[in-house]
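A look at the structure
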Amino acid sequence: MKKFLIILFLSTIIFGCGKKTSDKPSDLNAKLKVDTTTIKTSPIDNPNQKFNLAYKFEKGKSYQYRIASFSEDNLNIKADTNVTKKIKQSVIYIFNVALQNQDKDGVMEFSCEIKSILFNASDGGQMMMYNSGDANDSSDLERYAQYASLINNPFSIRVGKAGGILEIFHIDKIVNKFIELNKKAPSSVNQEQRDYLNNTVSQGSLKPLVTQLFRELPSNTIAKDSSWSFTQPPSPFLIFKLVNTNLFKVGGLEKYNGDTVAILDAGLKTIVTGDTKYEERGAKFNFTKPVTSADGAIYFNVTKGCVQKSNIKTHIHIYFTMEAPSPKGIQKGNKTEDITNTNIVELL
């Protein structure tokens with residue numbers, strides 16, 4: 001596990017409506033203010049009625065979302081000296097999506113475009129900020145190339161009939177912009193490097209965003225108190241393998257601006273596998289299996305067939321001890337880390 005020792009002591013942040021819009025920069029900046037409150041719904045005549053969850057995007061119509069991620073990483077390292085640090089980060093996107101086509105099997109193709117990004121981070125001392133609506137100089141654009149390369153560079157996605165991202169494609173402009181902002185000639189990037197960048201952009205930057213808009217939905221008829229789950233593919237974390245299962249339950253049906261909205265309570269179950277002990281270059285690590293949790297709600301607009309709003313909070317607790325040889329003998333230490341992520345999606 002190359003560079004494992006270094007990675008462990010660095011901060012880690014996880015889990016984690018067309019017409020073309022022509023927002024002015026000032027309008028986009030105004031839209032970057034996140035509403036953390038729940039939407040104001042009213043009772044429906046028959047809250048126990050049966051219904052189906054289905055995506056009903058109108059072809060050619062542009063839908064605009066605000067997608068925000070807030071993370072807080074609290075870590076404490078006890079060794080020769082004690083280190084306590086709180087790392088905060090927020091990223092807010094203004095995101096346009098429009099249905100281009102739907103085939104006979106219900107698979108949908110969307111064009112997507114990120115119109116604005118506001119990034120903030122602090123570790124208790126250093127502050128970082130990037131706002132795509134500001135007049136950023138070349139050094140800022142290079143420093144925040146992972147965000148700046150996304151702005152106004154359309155890409156496409158394919159989504160299953162019941163949700164779930166099947167493919168993210170047409171990302172060449174984003175990758176080329178990233179290379180350009182890093183002051184490299186496209187010809188200097190070989191195919192292996194380009195493949196790595198393509199995967200980083202599609203799976204690391206874009207998929208976490210679009211997945212929040214196109215969550216997988218149950219195909220059967222449901223009603224209040226119906227529940228279901230979707231198990232994600234195994235994913236590596238530290239020395240473990242995590243299998244996350246997203247849990248959903250219908251909390252009720254409500255009215256919102258004349259539409260019927262289903263309130264879906266969200267949760268998480270995680271199975272952690274793997275050895276709790278690890279050794280590298282004489283250093284011995286003893287891990288406690290990470291503990292995860294999630295809670296929140298998704299407001300799915302049954303009438304319009306899209307996510308109206310969601311607010312999901314996830315948490316992971318990490319703890320391990322370490323022993324390592326040094327000129328002064330065996331040195332011992334431990335690390336505790338608590339990472340909380342809050343993801344908020346709003347249809348504008």
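That block above? That's the structure.
What counts and how
Each chain has its residues counted from 1, running along the sequence as written. Predicted model: local features are reported for residues with pLDDT of at least 70 only, side-chain atom pairs are reported and counted for 80 or more only, and whole-chain, interface and lining totals are derived from all residues. Excluding hydrogens and water, the side-chain figures rest on all heavy atoms present in the structure. Helix and strand assignments come from DSSP, with helices taken as H or I runs of at least 4 residues and strands as E runs of at least 2, each series counted from the N terminus. Restricting the calculation to C-alpha atoms gives the radius of gyration, and the globule rule supplies 2.2 Å times the number of residues raised to the power 0.38. Only protein chains enter the accessibility calculation, which uses a 1.4 Å probe; a residue is then buried when its area is under 20% of its type maximum, exposed when over 50%, and partly exposed in between. Computed with a 1.4 Å probe, the accessible areas rest on the Shrake-Rupley method; for each residue, only the protein chains presented here act as cover. Charged residues are defined here as Lys and Arg on the positive side and Asp and Glu on the negative side; His and the ends of the chain fall outside this count. A single reference atom marks each charge: NZ on Lys, CZ on Arg, CG on Asp, CD on Glu. Any helix carries an expected span of 1.5 Å times its number of residues minus one. The quantity called bend is, for any residue, the angle between two axes fitted respectively to the seven residues ending at it and the seven beginning at it. Within 3.5 Å is the distance limit for a polar contact, defined as a pair of N or O atoms, with the added protein rule that one can donate a hydrogen and the other accept it, and that residues adjacent in sequence qualify only through two side-chain atoms. Taken from the helix axis, the directions to the C-beta atoms give the arc we talk about. Throughout, a residue-residue contact means that at least one pair of heavy atoms, one from each residue, lies within 4.5 Å. In this analysis, the protein atoms alone were mapped onto a 1 Å grid. Cavities are point sets where a 1.4 Å probe fits without being able to get out; pockets are open sets with protein on both sides within 12 Å along at least five of seven lines; lining residues have an atom within 4 Å of a point. Grid points are joined across faces, edges and corners, and a volume is the space filled by probe spheres set on the points. Just so you know the grouping, Ala, Val, Leu, Ile, Met, Phe, Trp, Tyr, Cys and Pro go in nonpolar, Asp, Glu, Lys and Arg go in charged, and all remaining residues, Gly too, go in polar. Only buried Ala, Val, Leu, Ile, Met, Phe, Trp, Tyr and Cys residues count toward a nonpolar core, and they belong to the same one when joined by side-chain atoms within 4.5 Å. Whether two strands pair depends on DSSP finding at least two bridges between them.

Turning next to the overall build of the protein. The number of helices and strands found in the protein is six helices and 15 strands. Its C-alpha atoms give the protein a radius of gyration of 22 Å, near enough to 20 Å, the size a compact globule of 348 residues would have. Considering only C-alpha atoms, the protein reaches an extent of 70 × 50 × 35 Å along its principal axes. Burial analysis of the protein (348 residues in total) assigns 44% to the buried set. When the accessible surface of the protein is summed, it comes to about 18,300 Å², and 50% of that surface belongs to carbon and sulfur atoms. Within the protein, one finds 44 positive and 35 negative side-chain charges whose respective centroids are separated by 1 Å.

Taking 1.5 Å of rise per residue, 23 residues should cover 33 Å, and helix α6 (residues 191-213) covers 31 Å from first to last C-alpha, within 8% of that figure. Of all the bends in α6, the greatest reaches close to 50° and is centred on Lys207; the proline Pro208 follows between one and four positions later. Within the sequence span of α6, burial applies to Arg194, Leu197, Val201, Ser202, Leu206, Leu209, Val210, Gln212 and Leu213. You can read the cap of α6 off the contacts: a side-chain oxygen lies 3.2 Å from the backbone nitrogen of Glu192, and it is on Asn190.

With that settled, the discussion passes to helix α5 (residues 172-181). For α5, the complete set of buried residues consists of Ile174, Val175, Ile179 and Leu181. Looking down the long axis of α5, one finds its buried residues gathered within 170° of arc, a one-sided arrangement. Exposed positions of α5 whose direction lies more than 90 degrees from the buried face are Asp172, Lys173 and Glu180. Elements in contact with the buried residues of α5: α3 (138-143), α4 (145-148), β6 (155-159) and α6. Directly after α5, the chain includes Lys183, whose backbone phi takes a positive value near 60°.

This part is about empty space enclosed by the protein. The space that makes up the largest cavity amounts to roughly 70 Å³. In this structure, the largest cavity is lined by Leu53, Arg215, Glu216, Leu217, Trp228, Phe248, Leu264, Ile298, Phe300 and Val307. Residues belonging to the lining of the largest cavity are distributed by class as follows: eight nonpolar, no polar and two charged.

Here the focus is the side chain of Gln64. One can find Gln64 in strand β2 (residues 62-78). A distance of 2.6 Å separates a polar atom in the side chain of Gln64 from a polar atom in the side chain of Lys31. Engagement of the side chain of Gln64 in a polar contact is seen with the side chain of Asn96, the distance being 2.7 Å.

What follows is about the nonpolar core. Among the nonpolar cores identified, the biggest contains 63 residues, and Leu53, Tyr65, Phe110, Phe155, Ile157 and Phe214 are the most heavily contacted of them. The element contributing the most residues to this core is strand β4 (residues 108-122), with seven residues. Residues Ile239, Ile318, Phe320 and Ile339 belong to the second largest nonpolar core, which totals 15 residues.

Moving on: the pairing of strand β7 (residues 165-169). Note that β6 and β7 share four bridges and pair antiparallel. Looking at the pairing, Ser156 lines up with Phe169 of β7. Hairpin connection from β6 to β7: five residues lie between these consecutive antiparallel strands, with Gly163 at a positive phi of about 95°.

Such coordinate-based values are descriptive only and should not be taken to indicate function.
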